[in-house]
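Residue-level listing of the chains:
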Amino acid sequence: MLPGGVLARYGHLLNLPPHTQPVTLLEGGTPLIPAPRLARELAEGMSLWIKYEGLNPTGSFKDRGMTAAISEAAGRGARTVICASTGNTAASAAAYAARAGMKCIVLIPEGKVALGKLAGALAYGATVVQIEGSFDDALHLVVEVTRKYPIALVNSLNPYRIEGQKTAAFEICDDLGTAPDWLCLPVGNAGNITAYWAGFRQYHERQGTGLPRLLGVQAAGAAPLVLGHPVDRPETVATAIRIGRPARGEEALQAAAESGGRIIAVTDEEILRMQRLLAQTEGIWVEPASAAGLAGLAAEIAAGRLRPRGQRIVAVCTGHGLKDPDIVSRSFVQPLVLPPRLDVLEEVILKP
Ligand code: F0G
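Residues numbered from 1 in each chain as written. Predicted model: local features only at pLDDT ≥ 70, side-chain atom pairs only at ≥ 80, totals over all residues. Heavy atoms only, no water.

Caption draft 1: Structural view of the packing of aromatic side chains. In total, this model carries three aromatic pairs according to the counting rule given. Between Phe170 and Tyr203, the ring centres sit 4.7 Å apart and the planes meet at 15°, which makes this aromatic pair stacked. Residue Phe170 is found in helix H8 (residues 167-176), and its partner Tyr203 is found in helix H9 (residues 191-207); the two are separated by 33 residues along the sequence. In terms of burial, Phe170 and Tyr203 fall into one category: buried. (Phe/Tyr/Trp six-rings, centres within 6.5 Å; stacked < 30°, edge-to-face > 60°. Helix = DSSP H or I, 4+ residues; strand = E, 2+ residues; numbered from the N terminus. Buried < 20%, exposed > 50% of the residue type's maximum accessible area, 1.4 Å probe, protein only.)

Caption draft 2: Highlighting the domain arrangement of the protein. Per the domain assignment, the segments making up the protein are domain 1 (6-59 + 161-330) and domain 2 (62-158). Counting the surface lost from both domain 1 and domain 2, the interface buries some 3,400 Å², and carbon and sulfur atoms represent 52% of this. In this structure, the connection of domain 1 to domain 2 is made through four salt bridges. Between Lys117 and Glu287 there is a salt bridge; the shortest N-O distance is 2.7 Å. (Domains from an automatic or database assignment. Buried area = accessible area lost by both parts, 1.4 Å probe. Salt bridge = Lys/Arg side-chain N within 4 Å of Asp/Glu carboxyl O.)

Caption draft 3: Examining the pairing of strand E3 (residues 80-84) more closely. Taking burial as the measure, the five residues of E3 include five buried ones, the bulk of the element. The side-chain alternation of E3 yields two buried faces, one formed by Thr80, Ile82 and Ala84 and the other by Val81 and Cys83. As paired elements, E3 and strand E4 (residues 103-109) share five bridges and run parallel to each other. Residue pairing for E4: Cys83 is matched across the bridge by Val106. Read from E3 through helix H4 (residues 88-100) to E4, the crossover connection turns out right-handed. (Pairing = 2+ DSSP bridges. Right-handed = clockwise from strand over helix to strand, strands pointing away.)

Caption draft 4: Seen up close, the sheet that holds strand E8 (residues 213-219). Ordered by their spatial adjacency, six strands build an open sheet running E1-E2-E10-E7-E8-E9, and the pairing between neighbours is mixed. Since the sheet does not close on itself, it has two edges, and those belong to strand E1 (32-34) and strand E9 (262-266), each with one partner. Here the strands of the sheet are splayed against their neighbours by 25° on average, with no regard to which way each runs. As defined by bridge partners, E1 adjoins strand E2 (residues 47-52) across three bridges and the pair is classed as antiparallel. (Axes fitted to C-alpha atoms, helices over the stretch in contact; angles between N-to-C directions.)

Caption draft 5: A look at the site of the ligand. Close contacts around the ligand come from 20 residues, with Ser85, Gly188, Asn189, Ala190 and Thr318 the closest. One of the side-chain N or O atoms of Lys62 is found 2.9 Å from a nitrogen atom in the ligand. In the model, an oxygen atom of the ligand is placed 2.7 Å from a nitrogen or oxygen of the Asn189 main chain. Protein contacts shield 98% of the accessible area of the ligand, which totals 480 Å² for the unbound molecule. (Near = heavy atom within 4 Å. Polar contact = N/O pair within 3.5 Å; in protein donor to acceptor, adjacent residues only side chain to side chain. Areas by Shrake-Rupley, 256 points an atom, 1.4 Å probe, with all protein chains shown as cover.)

Caption draft 6: Examining helix H13 (residues 292-302) more closely. H13 sits mainly inside the fold: nine of its 11 residues count as buried. Those residues of H13 that sit buried are Ala292, Gly293, Leu294, Ala295, Gly296, Leu297, Ala299, Glu300 and Ile301. Phi for Gly304, located one or two positions after H13, is positive at around 80°.

Caption draft 7: Layout of the nonpolar core. Core analysis: the largest hydrophobic core is formed by 36 residues, its most contacted members being Leu38, Leu48, Ile50, Leu278, Leu294, Leu297 and Ile313. Going through the elements one at a time, helix H2 (36-42), E2, strand E7 (182-186), E8, E9, helix H12 (268-282), H13 and strand E10 (312-317) are the ones with two or more residues in this core. Broken down by element, the residue count for this core peaks at six residues, all from H13. When sequence neighbours within four positions are dropped, the list of residues in contact with Leu297 reads Leu42, Met46, Leu48, Cys184, Leu215, Leu306 and Ile313. Val6, Leu185, Val187 and Trp197 belong to the second-largest nonpolar core, a separate cluster that totals 33 residues. (Core = buried A, V, L, I, M, F, W, Y, C linked by side-chain atoms within 4.5 Å. Contact = heavy atoms within 4.5 Å.)

Caption draft 8: The sheet that holds E3, seen in detail. Taken in spatial order, the four strands make up an open sheet running E5-E4-E3-E6, and their pairing is parallel. Lying at the two open borders of the sheet, with one neighbouring strand each, are strand E5 (127-131) and strand E6 (152-153). Taken together, the two bridges between E3 and E6 define a ladder with parallel strand orientation. Residue Ile82 lies in a different strand from E6, and its bridge partner there is Leu153. On top of the sheet, H4 reaches E3 and E4; it is set at about 175° to E4, its chief contact. Packing of helix H6 (residues 135-148) onto the sheet brings it into contact with E3, E4, E5 and E6, and relative to E3 it is tilted by some 150°.

Caption draft 9: Expanded view of the side chain of Thr194. Tracing the sequence through the fold places Thr194 in helix H9. Other than its neighbours up to four places away in sequence, Thr194 contacts Arg248, Glu251 and Ala252.

Dropping the structure here:
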């Protein structure tokens, strides 16, 4: 059988209209990578896996929902799609729109989008508009545009984005045989956590796979769901989740509560420390936002609020490290510069 994307594999479980015409880059099927060395760093006696969503075709988890949203839009003859984005949605929308022969417009917050994401959106041929404001301002604008014009909205307010995104939960259950005890993931606009919960619930109702507790993690400078009110000027090094008014915030809070889990915040320092630790204990380099779920897990274990012994824990790493190369100059050890001389080189590399 030829390989298919998430619609080919799980389309029968997704609520998509009959007019849907698959537009795929063979997304999904991402590895669930055991992380025993990192697990030992954090605690004794737990099993930890990384769901490495950075290995999707455009480098982030967004491709699962985007194949669904663009396939639906293509099937009903949409010519143009639009989204607001902190970067990954923009790159994903641009790629799938290109594949469908559609025009794509993306609105991003000026100066706050990581290089690999902006480059992707431009490379795939989107019309990229930088807004002098936040992601929240940009989202407000695209919703207004789609009310006025026949342009398809492909933010996660679009229900088909959530349908496609559920497939990540299905894959985790298929790989482990059951749901894990805990699922840890970053939370920005809150589409992903909403979709995971819907996916786990659906699989459990169908085949009794059990339900995980959800640990949703925001950045401390952009933590409206932890603070209980919108944040007007969100700020964090994890620009992907630099969001002050999450569109699906209520659903995220409900999902976390229903699951017996919670939504917490971690500092930028904790995020960057975890990004480095994951890369250097397991060889998995993710963008800063993607380390937030793990940073939250580490914080909860350290504070004694999550007892990890005997638990099966999955951390979702949402985007590839290559998305945000600039952060490496801030948070990692920099390369040495030496003259081309063996004695100097020996002195450095043979140092105990
Ligand atoms: N991780 C990464 C790498 C992201 O790009 C995002 C969201 C999230 C986590 C949070 O997911 O919004 O569903 O809660 N990025 C969006 C974007 C906002 O425009 O690319 P969420």
